[in-house]
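The chain contents come next:
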Amino acid sequence: LTTRPSARPDVRGEPLDSELVLYDPENGRAYVLNRTAALLWELCDGSLTATGLAEELRRLYGLDDHCNLTADVTTCLGQLERAGLLVA
Amino acid sequence: VTSSTATATAAWDWRCHGLHIRVEGPPHALEGLPERFPGLPPLDGDEGLPRTACRLRVEAAGGGYGAFRITRLDLGAPVELAHGEHREQLPVRLDRALVTTGIECLGSRYLLFHAGVVARGGRGVLLAAPSGSGKTTLVTGLVHAGFSFLSDEIAVVDGAGGTALPFGRAACIKPGAIHLLQSSFPALGTARSYAGYGEAPVTFLAPRPEQWLLAPVPVEAFVFPRYEAGAEPRLEEISRSQALELLVSQCFNLPRHAATGLAQTVALLRGASCHRLVSGDLDAAVALVSRALEARGS
């Protein structure tokens with residue numbers, strides 16, 4: 001929760017309807033992110049921790065203050081990290 | 001086909017989007033090639049490959065009666081593409097060698113998908129699916145219903161222009177489909193069949209000249225067909241991201257084009273409708289695909 005993930009700059013994103021298609025040039029694999037995961041990926045600029053990202057998402061979606069997205073954000077970050085799409 | 005009786009060799013040329021493949025060999029080896037691989041003239045609106053010439057040679061290989069090998073000669077050192085022990089195996093193996101060479105060369109410029117392509121009213125339908133899904137049967141049925149033919153197996157896509165182009169090869173009909181198509185194409189009943197790779201013999205059905213679409217066409221619908229005997233015919237719309245996954249799985253050369261290829265594939269899908277088709281009834285499948293394209297035009 002204390003690391004500040006950053007989207008890999010060499011990974012190219014292509015919007016497709018409400019989703020985002022990512023292409024990893026290192027392994028030739030493509031990934032499709034839903035709208036929320038795409039937004040999270042785009043927020044990963046190395047300045048925010050998981051807690052900060054959750055707070056930013058909550059704000060962008062206009063959710064109540066008591067709505068805590070940290071667990072969901074952590075899960076999604078884990079998936080992006082395992083896919084090699086983030087740099088810590 | 002040109003031939004020389006003195007050397008008992010002949011040559012035949014196949015041209016497709018700037019690619020020029022010359023096949024040399026004994027005259028019998030070249031029989032039927034012009035019908036199976038009709039060459040294509042240069043197309044308006046298609047830049048084509050920079051001049052690309054390939055050479056394939058068919059020759060006796062010793063061993064059993066009619067043993068042969070097919071070698072590609074334009075790569076510096078000769079590369080064997082196929083061989084066989086019996087003369088009957090030659091046509092299908094030569095076809096495969098031609099298609100493989102075509103894919104390799106055309107793939108430097110175009111995105112190539114394992115898909116059929118038809119068009120009507122200036123709008124293309126790309127039908128992508130693995131072998132055995134009924135692509136050729138459906139493409140042939142659509143052509144009989146008035147669609148233009150571009151390909152039954154190899155979709156040549158100009159990613160930069162967002163258009164599909166014809167692939168100069170006749171439709172390759174598997175035995176299971178002949179009874180479905182014979183009433184529409186009576187010539188299939190008497191057409192020559194060719195032995196496959198341990199499979200049942202295949203028959204080729206060359207569209208008539210007026211049935212070809214010799215022009216780039218925008219792809220407005222993607223259909224992912226699956227033949228399922230006895231299934232209630234159904235065409236369901238799928239998301240473009242689902243279509244992307246299915247389409248990428250049928251692309252021959254996406255890694256070669258890397259991020260640009262993926263971006264072009266995504267761009268192709270953006271303006272198109274995407275459908276999954278399950279059917280065991282050819283007429284119903286043709287009607288469903290026709291309606292899907294008409295719905296987009298209305």
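Coordinates for the structure precede this section.
Here's a quick rundown of the structure. (Residues numbered from 1 in each chain as written. Chains lettered and ligands numbered in written order. Predicted model: local features only at pLDDT ≥ 70, side-chain atom pairs only at ≥ 80, totals over all residues. Heavy atoms only, no water.)

The subject of this paragraph is the sheet that holds strand β13 (residues 193-194) of chain B. The pairing of strands in a sheet happens through backbone hydrogen bonds and is either parallel or antiparallel. Strand order in this open sheet of three strands is β12-β14-β13 (chain B), and the pairing throughout is antiparallel. Strand pairing shows two members of the sheet lacking a second neighbour, β12 (171-173) and β13 of chain B, which therefore form its edges. (Pairing = 2+ DSSP bridges. Helix = DSSP H or I, 4+ residues; strand = E, 2+ residues; numbered from the N terminus.)

Time to look at the sheet that holds strand β4 (residues 29-33) of chain A. All names here are of chain A. Strand order in this open sheet of three strands is β2-β3-β4, and the pairing throughout is antiparallel. Here the strands that pair on one side only, and so sit at the sheet edges, are β2 (12-16) and β4. Across the sheet, the mean angle separating the axes of adjacent strands is 25° when strand polarity is ignored. Taken together, the five bridges between strand β3 (residues 19-24) and β4 define a ladder with antiparallel strand orientation. (Axes fitted to C-alpha atoms, helices over the stretch in contact; angles between N-to-C directions.)

What follows deals with the packing of aromatic side chains. In this description, an aromatic ring pair is defined by two values, namely the gap between the centres and the angle between the planes. All names here are of chain B. For the coordinates displayed, the defined rule picks out five aromatic pairs over all chains. Considering the side-chain rings of Trp12 and Phe37, the 6.4 Å spacing of their centres and the 65° angle between planes classify their relative orientation as edge-to-face. Note that Trp12 is positioned in strand β2 (residues 9-16) and Phe37 in the loop between α1 (33-36) and β4 (52-60), a separation of 25 residues in sequence. No difference in accessibility class separates Trp12 from Phe37, as the two residues are buried. Plain terms: the ring middles of Trp14 and Phe37 are 5.7 Å apart, the flat faces sit at 85° to each other, and that makes the pair edge-to-face. Placement of the pair is Trp14 in strand β2 and Phe37 in the loop between α1 and β4, with a sequence separation of 23 residues. Using a relative accessible area of 0% as the deciding quantity, one classes Trp14 as buried. (Phe/Tyr/Trp six-rings, centres within 6.5 Å; stacked < 30°, edge-to-face > 60°. Buried < 20%, exposed > 50% of the residue type's maximum accessible area, 1.4 Å probe, protein only.)

On to the environment of B:Gly230, then. Within the secondary structure, B:Gly230 is located in the loop between β15 (217-227) and β16 (234-237). Put simply, B:Gly230 and B:Asp281 are 51 residues apart on the chain and 7.6 Å apart in space, counted from C-alpha to C-alpha.

This brings us to the nonpolar core. Residues and elements named next belong to chain B. In terms of nonpolar packing, the biggest core is built from 61 residues, with Trp14, Val23, Leu98, Val125 and Leu138 touching the most fellow members. Leave out the neighbours within four places in its chain, and Leu98 touches Trp12, Trp14, Ile21, Val23, Leu33, Phe37 and Leu56. Ranked by size, the runner-up nonpolar core spans 31 residues in total, among them Ala115, Val117, Ala119 and Leu262. (Core = buried A, V, L, I, M, F, W, Y, C linked by side-chain atoms within 4.5 Å. Contact = heavy atoms within 4.5 Å.)

A common way to report how large an interface is uses the accessible area buried once the components associate. Across the contact, eleven residues belong to chain B and eleven residues belong to chain A. Together chain B and chain A conceal approximately 1000 Å² of surface at their shared face, both sides included; 67% is due to carbon and sulfur atoms. Of all residues in chain B, the largest losses of buried area upon contact with chain A belong to B:Ser241, B:Leu262 and B:Arg270, amounting jointly to 40% of the total for that side. Along the contact surface separating chain B from chain A lie two salt bridges. If you look at where chain B meets chain A, you find four residue pairs in polar contact (both at pLDDT 80 or more). Among the elements of the structure, α5 (240-249) and α6 (254-270) of chain B are those that each provide at least two residues to the side of chain B that touches chain A. Considering every element that reaches the side of chain B that touches chain A, the biggest residue donor is α6(B), with eight residues. (Buried area = accessible area lost by both parts, 1.4 Å probe. Salt bridge = Lys/Arg side-chain N within 4 Å of Asp/Glu carboxyl O. Polar contact = N/O pair within 3.5 Å; in protein donor to acceptor, adjacent residues only side chain to side chain.)

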